[in-house]
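Survey of secondary and tertiary structure
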Amino acid sequence: MSYPYPEDRTREKRNKGEQPYKDAREEMRESEAALQTEAEAYGEAHQRDLTDEELRERLEAEATASMREVGRERLGEG
């Protein structure tokens, strides 16, 4: 039985040992790119620019509803 030269064994081990890491890195890059694309598409689909007037009205309505709820809680406890 013939044994290869030590430098050949080291080179082969290094080459075979690195391949799984290269494959994993490539898969990771592809999955990150897919996730980024999906996130951008989701953001664009759910983006709705509110005008200043719409935003002010919504915040006023939320504040009014919140204050009414606090008032009811205080009357009920007091």
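The structure reproduced in this document is the subject of the present report. This one's a predicted model, so the numbers in the text were calculated from it and none came from an experiment.

Cut-offs used in this document
- Residues numbered from 1 in each chain as written.
- Predicted model: local features only at pLDDT ≥ 70, side-chain atom pairs only at ≥ 80, totals over all residues.
- Heavy atoms only, no water.
- Helix = DSSP H or I, 4+ residues; strand = E, 2+ residues; numbered from the N terminus.
- Buried < 20%, exposed > 50% of the residue type's maximum accessible area, 1.4 Å probe, protein only.
- Areas by Shrake-Rupley, 256 points an atom, 1.4 Å probe, with all protein chains shown as cover.
- Salt bridge = Lys/Arg side-chain N within 4 Å of Asp/Glu carboxyl O.
- Patch = residues over 30% accessible without salt bridge, like charges linked within 9 Å, V, L, I, M, F, W, Y side chains within 5 Å.

**Here's the deal with the overall build of the protein**
Within the protein, the regular secondary structure consists of two helices and zero strands. Burial analysis of the protein (78 residues in total) assigns 0% to the buried set. Within the structure as shown, the protein displays about 7800 Å² of accessible surface, and the carbon and sulfur contribution to it stands at 52%.

**Quick look at the pattern of salt bridges**
Summed over all chains, the structure comprises four salt bridges. The partner of arginine 29 in a salt bridge is glutamate 26, and the shortest N-O contact between them spans 2.9 Å. Here arginine 29 pairs with glutamate 26, and both are found in helix α1 (residues 6-45), just three residues apart, close to one helical turn. Note that glutamate 62 is salt-bridged to arginine 58, the shortest N-O span being 3.9 Å. In this pair, glutamate 62 and arginine 58 are both assigned in helix α2 (residues 52-77), four residues apart and thus about one turn of the helix distant. Each of Glu53, Arg56 and Glu60 takes part in salt bridges that share partners, so that together they form one network.

**Concerning a nonpolar patch on the surface**
Together, Leu50, Leu55 and Leu59 make up a nonpolar patch on the protein surface, roughly 220 Å² of accessible area in all. In this fold, leucine 55 is placed in helix α2.

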